[in-house]
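Each chain, letter by letter, is given below.
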Amino acid sequence: MKKALWTNTLREIGNSFGRYMAILAIVGLGVGFYAGLSASQDAMIETGDEYFRDCNFHDLRLISTLGLEDKDVEAFRELDFVRNAEGAYSTDALVNIGDVGTTVKFLSLSDKINVPIVTEGRAPVSENECLLDDYTYRSDVIGSKVSILDSNKESTLDLFKVREFTVVGLCRTPLYVNYERGATSVGDGTLAGFICVPAGAFDSEYYTEIYAITDASDEKIYSDRYEDRMEEYEDRAQELLDELAFSRYTDIKTDAEEEIAEARGKLDDAKAEIADHEKEIADNEQEIADHEQEIADGEQEIADHELEIEDGEREIADGEKEIRDGESKLSDGYSKLEDARAELDSMKAFTPAEMYAMQKKLLDDSEAELKAKEKELKDAKKKIEDAKADIEEGKVKIADARAEIEDAKVKIADGKV
C-alpha cells in the first residue's frame, strides 16, 4: 500500500515538476520570511529600547484641560514609583520659515526627559534659537528665521514670550517615532513638522503636560512585565491627576469668585460714585438755574431802575421848568411889588387914608403872593434834589444788580465746568 502511494506521488511530481517546484519555492519563501521576523523581533525591540533609554523617553504623559502647575509636578515626583517628572509646553501654530508659511507643533526642550538628538548644527543656547524636524527640513534651512504669524489665535500668541527664532540645527525627538506628524485644528489641518524651542521662550502660568519616568523603565519595552507595571501606575497616576485637576478647578473657581466679588464691589462703588456725580450734576444744574433766575431778576431790576431814572430825569426836567416859571413869576412879583411901593409912596402926600389902606392891602396881597411863589419855588427845588437823589440811588442799585449778574455768570461757568 505504502509502496503504491510513493509510486503514485513520484509519478505526479514527474508529470508536473514545474508546478511542484513553484509550490516548493513559495513555501520556502514563507518559512524564511517568518524565520526572519521571528529572529529580528528581539533585535528591533532591543534597538528601540536602547533609543528610548538614550533619550530618557517618558513612561507617562499627563495632561489636563485646566493646565498643570509646578506643585503638580512636585506631587507626581513624590509618587513612590516615579523617578523623575517634568512640566512641558506644546502647541500648534502657524509660522513662516524663511518665506514659506506652514503649520508646526512647538515643543519645549528638556535635557532630562524626551531629550532630542541633534543631527545637524547645534543645540539652542538662547531663548530665540530653535531646532527643526530633520525629517521635514534639510541643512540649508539652518540660519533662517522662524516667525510666529499674527493670524494665530490670541490664546496661542499669549503662550509665547519670543515671536521670532533663529534655526541653529536639526533634530529628532522620541515623541515622533514614525513619519506621520499628526493632525491639528490650525491651518490646513496637517502638521508639517515640529520645532523644539527652549522652555523660556514660552510665557505661560501653567504647563500643557507633565512627562514622568517610572521605575518600570527598568523593564524592556513591550514586555509583559513592563505592560503590567504600567497598567498599575497609570491607574494610580490617573487618581492623582483627578485630585490635582479638581484642586486646580477649585482654586480657579475660588480665584474667579474673588475676582467677581471684587469686580462687583468696584461696580457698586462706581454706581455709587455715578449716583453722587449725577446728584452733583443735578445740584449744579439747579444752581445754574437759580443763578440764571438771579440774572433774569437782576436784569429786570436794572430795567426797573432805569425806568425809575427816566421818570426821575423827566421829573427833574419838569421841576427845572417849574423853577424857571416860578423864578419868572417871582421876578414879575418883585417888579409888581416895587411898582406898588412906588405907587404907594407917590400916593401918601395927596391920597386919602382910605386910598392908602386900599393900596396897602394890595401891597400885602402882592407880598403874600410873592411868598407863595417863593414857597412853590422852594418845593420845586426840593423835588429836584429828591429826584436827583433817587437817580443816584437807582444808579447804585443798577451797579449792584450788574455785579450780581456777573457773579451769577461766573458761578454758572464754574458749575458747567
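Residue numbers run consecutively from 1 along every chain, following the written order of its sequence. At least 70 in pLDDT is required for a residue's local features to be given in this predicted model, at least 80 for side-chain atom pairs to be given and counted, and no such filter applies to totals for whole chains, interfaces and linings, which use all residues. To get the side-chain values, take all heavy atoms of the structure and skip hydrogens and water.

*Asks:* Please explain the overall build of the protein chain as it appears in this structure.
*Replies:* Put simply, DSSP H or I for four residues or longer makes a helix, DSSP E for two residues or longer makes a strand, and each gets a number counted from the N terminus. When its secondary structure is counted, the protein chain shows 6 helices and 10 strands. A simple rule labels every residue: compare its accessible area, found with a 1.4 Å probe on the protein chains alone, to the largest value its type can have, and call it buried under 20%, exposed over 50%, or partly exposed in between. Expressed as a percentage of the 417 residues in the protein chain, the buried residues total 33%. Within the protein chain, contacts between residues at least 6 apart in sequence are counted, and of these 77% link residues at least 24 apart. To measure how exposed things are, a 1.4 Å probe is used in the Shrake-Rupley method; for residues, cover is taken only from the protein chains shown. Split by element, the accessible area of the protein chain, about 27,000 Å² in all, is 52% carbon and sulfur. The contact criterion used is simple: two residues touch if any of their non-hydrogen atoms lie within 4.5 Å.

*Asks:* When you look at the nonpolar core in this model, what are you seeing that I'm missing?
*Replies:* What tends to happen in soluble globular proteins is that the nonpolar side chains get buried as a cluster. The biggest cluster of nonpolar side chains holds 44 residues, and the ones touching the most others in it are Phe-76, Ile-97, Phe-106, Leu-132, Val-146, Phe-165 and Ile-195. Counting residues per element, this core draws most heavily on helix H5 (residues 224-348), which supplies 7 residues. Counting 10 residues, the second-largest nonpolar core is a separate cluster that includes Ile-288, Ile-295, Ala-401 and Ile-405. We define the nonpolar core as a collection of buried residues of types Ala, Val, Leu, Ile, Met, Phe, Trp, Tyr and Cys that are connected through side-chain atoms lying within 4.5 Å of one another.

*Asks:* I tried to follow a nonpolar patch on the surface on my own but got confused; where do I start?
*Replies:* Patches here: salt-bridge-free residues with over 30% relative accessible area, like charges joined within 9 Å, nonpolar side chains (Val, Leu, Ile, Met, Phe, Trp, Tyr) joined within 5 Å. For this analysis, a salt bridge means a side-chain nitrogen from Lys or Arg found within 4 Å of a carboxyl oxygen belonging to Asp or Glu. On the surface, Phe-17, Tyr-20, Met-21 and Leu-24 cluster together into a nonpolar patch covering about 380 Å² of accessible area. As for its placement among the helices and strands, Phe-17 is situated in helix H2 (residues 17-54).

*Asks:* Can you help me understand the side chain of Asp-59 in this one?
*Replies:* Inspection of the secondary structure assignment puts Asp-59 in the loop between H2 and strand S1 (60-62). Only four residue types enter the charge count: Lys and Arg as positive, Asp and Glu as negative, with His and the chain ends excluded. Within the buried set, Asp-59 has no salt-bridge partner at all; the shortest N-O distance to an opposite charge, 7.5 Å, is to Arg-83. As used in this structure description, the phrase polar contact means that two N or O atoms lie within 3.5 Å; if the pair is within protein, one of them must be able to donate a hydrogen and the other to accept it, and residues adjacent in sequence are counted only when both atoms belong to side chains. Reaching out from Asp-59, the side chain makes a polar contact with the side chain of Tyr-226 at a distance of 2.7 Å. Contacts of Asp-59, omitting those with residues within four sequence positions, involve Ala-212, Ile-213, Thr-214, Ser-217, Tyr-226 and Met-230.

*Asks:* How should the state of the cysteines be read in this particular structure?
*Replies:* By definition, a disulfide links two cysteine residues through a covalent bond between their sulfur atoms. For this text, the term disulfide refers to a pair of cysteine sulfurs within 2.5 Å. Per the stated rule, a full pass over the model turns up 0 disulfides. Take Cys-171: it sits in no disulfide, and the sulfur closest to it among the cysteines is that of Cys-196, at 3.9 Å. Under the relative-accessibility criterion, Cys-171 is labelled buried at 0%.

*Asks:* Got a minute to help me understand the pairing of strand S7 (residues 145-148) in this structure?
*Replies:* Within a regular strand, side chains alternate between the sheet's two faces. Residues Val-146 and Ile-148 line the buried face of S7, whereas the alternating positions Lys-145 and Ser-147 sit on a face that is not buried. Strand pairing is assigned whenever DSSP identifies at least 2 bridges connecting the two strands. Looking at chain direction, strand S3 (residues 90-97) and S7 are connected through 3 bridges and run antiparallel. Paired with Asn-96 across the bridge in S7 is Ser-147.

*Asks:* I tried to follow the sheet that holds strand S10 (residues 209-214) on my own but got confused; where do I start?
*Replies:* The strands that make up a sheet are held in pairs by hydrogen bonds between backbone atoms, and each pair lies either parallel or antiparallel. Strands sit in the order S1-S10-S2 across an open sheet of 3 strands; the sheet is antiparallel. The outermost strands of the open sheet, each flanked by one partner alone, are S1 and strand S2 (82-88). Going across the sheet, the axis of each strand differs from the next one's by a mean of 20 degrees, ignoring polarity. Here 3 bridges tie S1 to S10, and the two strands are oriented antiparallel to one another. Orientation is described by axes fitted as lines to C-alpha atoms, over the contacting stretch for helices, and by angles from 0 to 180 degrees between their N-to-C directions.

*Asks:* I would appreciate a short explanation of the confidence of the model for the protein chain in the present structure.
*Replies:* Predicted coordinates in areas of low pLDDT are best not read in detail. Model confidence for the protein chain is summarised by a mean pLDDT of 82, while 84% of its residues fall at 70 or above. Known as pLDDT, the predictor's confidence for each residue is given on a scale from 0 to 100. Confidence scores differ between elements of the protein chain, with helix H1 (residues 2-15) showing the lowest mean pLDDT of 68 and strand S6 (residues 129-133) the highest of 96.

*Asks:* It is not clear to me how the pattern of salt bridges should be interpreted in this structure. Could you clarify?
*Replies:* Opposite charge on two side chains lets them pair, provided their charged atoms get close. Per the stated rule, a full pass over the model turns up 18 salt bridges. In this structure, Glu-209 and Arg-61 form a salt bridge, with 3.0 Å as the shortest nitrogen-oxygen distance. Residue Glu-209 is found in strand S10, and its partner Arg-61 is found in strand S1; the two are separated by 148 residues along the sequence. With a relative accessible area of 2%, Glu-209 lands in the buried category. You can call Arg-61 partly exposed: its relative accessible area is 45%. For the salt bridge of Glu-69 with Lys-71, the shortest nitrogen-to-oxygen distance reads 3.9 Å. Judged by relative accessible area, Lys-71 falls into the partly exposed class, the value being 44%. Taken together, the shared-partner salt bridges connect Glu-69, Lys-71, Arg-248 and Asp-251 into one network.

*Asks:* Sorry if this is basic, but what is going on with unusual backbone geometry here?
*Replies:* For residues besides glycine, phi is generally negative; the peptide bonds are generally trans as well. Backbone geometry places Asn-56, a non-glycine residue, at a positive phi of 55 degrees. In this fold, Asn-56 is placed in the loop between H2 and S1.

*Asks:* Teacher, can you tell me more about the pairing of strand S9 (residues 193-197) here?
*Replies:* Buried residues dominate S9, accounting for 5 of its 5 residues. Burial along S9 is two-sided: Gly-193, Ile-195 and Val-197 and Phe-194 and Cys-196, pointing in opposite directions, are all buried. Across 5 bridges, the pairing between strand S4 (residues 100-108) and S9 is parallel. Residue pairing in the sheet places Leu-107 in a bridge with Cys-196 of S9. In terms of strand pairing, S6 meets S9 through 2 bridges, oriented antiparallel. Along S9, the bridge assignment pairs Leu-131 with Cys-196.

*Asks:* What exactly am I supposed to notice about helix H3 (residues 70-77) here?
*Replies:* For an α-helix the count is 3.6 residues per turn, leaving residues at separations of three or four pointing the same way. By the burial criterion, the buried members of H3 are Asp-72, Val-73, Ala-75 and Phe-76. Within H3, the buried residues cover an arc of 160 degrees as seen down the axis, which keeps them to one side. Think of it as the arc spanned by the lines of direction from the helix axis to the C-beta atoms.

*Asks:* Can you walk me through a negative patch on the surface in this structure?
*Replies:* A cluster of acidic residues, Asp-224, Glu-227, Asp-228, Glu-231, Glu-232, Glu-234, Asp-235, Glu-239, Asp-242 and Glu-243, forms a negative patch at the surface. Along the chain, Glu-243 turns up in helix H5. You can call Glu-243 exposed: its relative accessible area is 55%. A single reference atom marks each charge: NZ on Lys, CZ on Arg, CG on Asp, CD on Glu.

*Asks:* What am I meant to see in the packing of aromatic side chains here?
*Replies:* Within a pair of aromatic rings, the relevant descriptors are the distance that separates the centres and the angle that separates the planes. Only rings of Phe, Tyr and Trp enter the pairing, Trp through its six-membered ring, and a pair is recorded when the two centres are within 6.5 Å. The plane angle decides the type: under 30 degrees is stacked, over 60 is edge-to-face, the rest tilted. Under the defined criterion, the tally for this structure stands at 11 aromatic pairs. With a centroid separation of 6.4 Å and an interplanar angle of 35 degrees, the aromatic rings of Phe-246 and Tyr-249 are classed as tilted. Of this pair, Phe-246 and Tyr-249 both sit in helix H5, 3 residues apart, which is roughly one turn of that helix. On the basis of relative accessible area, Phe-246 is assigned to the exposed category, the value being 57%. Every member of this aromatic cluster is reached through a ring pair, and the members are Tyr-89, Phe-106, Phe-160, Phe-165, Phe-202 and Tyr-207.

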